[in-house]
Amino acid sequence: MSENAPDSVVAIGAGQAASQLAISLRQGGYAGRIVLIGDEPFLPYSRPPLSKAYFKDGQPERLLLRKQDFYDKNAIEIRTSARVVSIDRDARQIRLAGGEVVDYGHLVLATGARNRVLSIPGADLAGVLMLRGLQDADRMRSLAGSARHVAIIGGGFIGLEAAAVFRAAGLRGTLLEAAGRLMARAVSPQVSDHFLSLHRAAGADIHLQETVRRILPDAGGKVAGVELGCGTIVDADAVLIAAGIVPNDDLARDAGLRIDNGIVTDCFLATSDPAISAIGDCANVQHGPDGPHLRLESVQAAVDQAKNLAARLLGQPEPYRKSAWFWSDQGTAKLQIAGLRHGADRFDTGADPDAGKLIVRSYRGDRLVCVETVNMPAEHMRARRDLESETAPA
Ligand SMILES: Cc1cc2nc3c(=O)[nH]c(=O)nc-3n(C[C@H](O)[C@H](O)[C@H](O)COP(=O)(O)OP(=O)(O)OC[C@H]3O[C@@H](n4cnc5c(N)ncnc54)[C@H](O)[C@@H]3O)c2cc1C
């Protein structure tokens, strides 16, 4: 451990990024105190299965990133159900909701993100759900047991994954997306079209360019349906709102750190205060010394940023410039994305419709920037290797 390493590392948030940070610090020989403070009543767990396998199997122990004995053996202190309410940068202390104060040598903001709340009438009715954490997933599972028809607001990854698991459980689903295509923020038009056909062929009722005016109650105050912008009423006894997420950056804002679409960091994951870093969904990270700032919402980014930060705290700083990758499972289709397609001006596409396979390569000028594949895992791995070697320093 470097002699300049902080005597303690305290992380706010005990999710994917914070857990990886603690693991990497101990693996790298860090001997100081490590404390993870999370407001959920669980050890750090994996969120992706919440909209996939967990809906079917309902086994929370399978979600845990590590068991309690791992944290005990590695002297990693985890505080669950503990909410941090403020940061005192001068005193290098944080305050918990109950008034307790914790000192930090280095503070890491790994606070993740929360669901975007829609301000439409009826969004607070019984039977309206949002999915972010394990408790939401349990609510979704139990509601699915009594519901017959779910309206899903939002055709991004979570809305579409949920549509697939609802369908597999025998529920009818109507999906309402305001944009002209599915997953529009993240995937190419070719991939949007592919998934539109796939979900429709499996029986999904999908409406594009459709807004929701309000969620309608029945006489008992439960969801009875949704009224669309065009005036049509869709019957439904449950509603899932999946309208994207916003970064949890309020603590950082209140502490006077630089905020712009999340907590802004340099390419070493440092915020505008060198004693505080930010990683994961809450962080808008510079990719490489001259690179763009990007706030990514993925397991890969949370894990790679945590590893990079651990190395810096152990005295081996390297600019962060990992190439991004992501996956989404929707029914029998595994979508995998390597790279980011922003600014792409040219595409080439290959497909084997009978085998449910698709590949879309996106280029900016001559440079390959993104490869999207459906049910082609070997091509995805190849693309990750190619893109990683392109982002490595010369
Ligand atoms: C249903 C679902 C499916 C997903 N599927 C995929 C997928 O297929 N592929 C993929 O790459 N990614 C997926 N993701 C995204 C992925 O899970 C996130 O990118 C990842 O969890 C980010 O890690 P994080 O540590 O930044 O945030 P989180 O894991 O969200 O952890 C942040 C923690 O901080 C806590 N916190 C916030 N503020 C405070 C505070 N003031 N005090 C104490 N604690 C606080 C939060 O409650 C939370 O527990 C999915 C997410 C969801 C919700």
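Residues numbered from 1 in each chain as written. Predicted model: local features only at pLDDT ≥ 70, side-chain atom pairs only at ≥ 80, totals over all residues. Heavy atoms only, no water.

### Regarding the overall build of the protein chain
Then, in step 1: When helices and strands are counted, the protein chain shows 9 helices and 26 strands.
Then, in step 2: Over its C-alpha trace the protein chain gives a radius of gyration of 22 Å, about what one expects of a compact globule, namely 21 Å for 394 residues.
Then, in step 3: Projected onto its principal axes, the C-alpha positions of the protein chain cover 65 × 55 × 35 Å.
Then, in step 4: Looking at the 394 residues of the protein chain, the share that counts as buried comes to 50%.
Then, in step 5: Look at the contacts in the protein chain between residues 6 or more apart in sequence, and 60% of them connect residues 24 or more apart.
Then, in step 6: For the protein chain, the accessible surface area stands at approximately 17,700 Å², while carbon and sulfur atoms represent 49% of it. (Helix = DSSP H or I, 4+ residues; strand = E, 2+ residues; numbered from the N terminus. Rg over C-alpha atoms; globule rule 2.2 N^0.38 Å. Buried < 20%, exposed > 50% of the residue type's maximum accessible area, 1.4 Å probe, protein only. Contact = heavy atoms within 4.5 Å. Areas by Shrake-Rupley, 256 points an atom, 1.4 Å probe, with all protein chains shown as cover.)

### Concerning the nonpolar core
Then, in step 1: Counting 50 residues, the largest nonpolar core has I87, I94 and L109 as its most contacted members.
Then, in step 2: Setting aside its immediate chain neighbours within four residues, I94 contacts V10, I12, I37, V84, S86, I87, E100, V101, V102, Y104 and L107.
Then, in step 3: By size, the runner-up hydrophobic cluster in this structure holds 40 residues, among which are L50, L131, A137 and L182. (Core = buried A, V, L, I, M, F, W, Y, C linked by side-chain atoms within 4.5 Å.)

### Some remarks on the pattern of salt bridges
Then, in step 1: Tallied over the full model, the rule gives 18 salt bridges.
Then, in step 2: The closest approach of N and O atoms between K52 and E161, which form a salt bridge, is 3.0 Å. Remark: E161 occurs in helix α5 (residues 157-168) and K52 occurs in the loop between β2 (33-37) and α2 (53-57); sequence separation between them is 109 residues.
Then, in step 3: For E161, a relative accessible area of 3% corresponds to the buried category.
Then, in step 4: Here the salt bridges do not stand alone but share partners, grouping R185, R295 and E297 into one network. (Salt bridge = Lys/Arg side-chain N within 4 Å of Asp/Glu carboxyl O.)

### Concerning the site of the ligand
Then, in step 1: If you check the shell around the ligand, you find 32 residues, and the closest are A17, D39, E40, K52 and D281.
Then, in step 2: K52 is positioned such that a nitrogen or oxygen atom in its side chain is 2.7 Å from an oxygen atom of the ligand.
Then, in step 3: Relative to its unbound accessible area of 1,000 Å², the ligand is 95% covered by the protein chains.
Then, in step 4: Looking at the shell around the ligand, the elements with two or more residues in it are α1 (16-27), α8 (299-313) and β22 (325-330).
Then, in step 5: Class assignment for the residues of the shell around the ligand results in 14 nonpolar, 10 polar and 8 charged.
Then, in step 6: Counting contributing residues per domain, the shell around the ligand is built from domain 1 (8-114 + 246-313) and domain 2 (117-243), each supplying no fewer than three. (Near = heavy atom within 4 Å. Polar contact = N/O pair within 3.5 Å; in protein donor to acceptor, adjacent residues only side chain to side chain. Nonpolar A, V, L, I, M, F, W, Y, C, P; charged D, E, K, R; others polar. Domains from an automatic or database assignment.)

### A word on the sheet that holds strand β19 (residues 276-278)
Then, in step 1: Read from one edge to the other, the open sheet built from 5 strands follows the order β3-β2-β1-β7-β19, with strand pairing classed as parallel. This sheet does not close on itself; its edge strands, each paired only once, are β3 (76-79) and β19. The sheet shows a mean angle of 20° between the axes of neighbouring strands, direction not considered.
Then, in step 2: Here 3 bridges tie strand β7 (residues 106-109) to β19, and the two strands are oriented parallel to one another. Its bridge partner lying in β19, L107 is registered against I276.
Then, in step 3: In this fold α1 packs onto β1 (8-12), β2, β3 and β7, with an angle of close to 170° to the strand it touches most, β2.
Then, in step 4: Contacts from α8 reach β1, β7 and β19, with the element oriented near 170° to β7. (Pairing = 2+ DSSP bridges. Axes fitted to C-alpha atoms, helices over the stretch in contact; angles between N-to-C directions.)

### Here's the deal with the sheet that holds strand β5 (residues 93-96)
Strands belonging to one sheet form pairs held by backbone hydrogen bonds; the direction of such a pair is parallel or antiparallel.
Then, in step 1: Ordered by their spatial adjacency, 3 strands build an open sheet running β4-β5-β6, and the pairing between neighbours is antiparallel. In this open sheet, the two strands that pair with only one neighbour each are β4 (84-88) and β6 (101-103). Here the average twist between neighbouring strands, direction ignored, is 25°.
Then, in step 2: In terms of strand pairing, β5 meets β6 through 3 bridges, oriented antiparallel. Its bridge partner being in β6, I94 is matched across the sheet by V102.

### Here's the deal with the pairing of strand β24 (residues 346-352)
Then, in step 1: The sheet contact formed by β24 and strand β25 (residues 357-364) spans 7 bridges and is antiparallel. From the neighbouring strand, D352 faces β25, where its bridge partner is K357.
Then, in step 2: As consecutive antiparallel partners, β24 and β25 are separated by 4 residues, and within that stretch G356 has a phi angle of approximately 65°, a positive value.

### Some remarks on helix α4 (residues 134-146)
Then, in step 1: Spanning 13 residues, α4 covers 19 Å between terminal C-alpha atoms, matching the ideal 18 Å at 1.5 Å per step.
Then, in step 2: Every buried residue of α4 is listed here: L134, A137, M140 and A144. Across the axial projection of α4, the buried residues extend over an arc of 115°, all falling on one side. The exposed set on the far side of α4, more than 90 degrees from its buried face, consists of S142, G145 and S146.
Then, in step 3: Looking at the packing, one finds that the buried side of α4 touches α2, β9 (128-129), α5 and β16 (238-241). (Expected span 1.5 Å × (residues − 1). Arc of directions from axis to C-beta.)

### Let's talk about α8
Then, in step 1: Helix length check: α8 (15 residues) gives 21 Å between terminal C-alpha atoms against 21 Å at 1.5 Å per residue, within 8%.
Then, in step 2: Here α8 lies mainly inside the structure; 12 of its 15 residues are buried.
Then, in step 3: Looking at α8, one finds that the buried residues are Q300, A301, A302, V303, D304, Q305, A306, N308, L309, A310, R312 and L313.
Then, in step 4: In this structure, the buried residues of α8 make contact with β1, α1, β7, β19, β20 (283-286) and β22.

### Comments concerning the pairing of strand β11 (residues 172-176)
Then, in step 1: The sheet contact formed by strand β10 (residues 149-153) and β11 spans 5 bridges and is parallel. Note that in β11 the partner of I153 across the bridge is L176.
Then, in step 2: Taken together, β10, α5 and β11 constitute a β-α-β crossover, and its handedness is right-handed.
Then, in step 3: In this structure, β11 lies alongside strand β12 (residues 205-207), joined through 3 bridges in parallel fashion. Within the sheet, the bridge partner assigned to T174 lies in β12 and is D205.
Then, in step 4: For the segment spanning β11, helix α6 (residues 189-201) and β12, crossover handedness is right-handed. (Right-handed = clockwise from strand over helix to strand, strands pointing away.)

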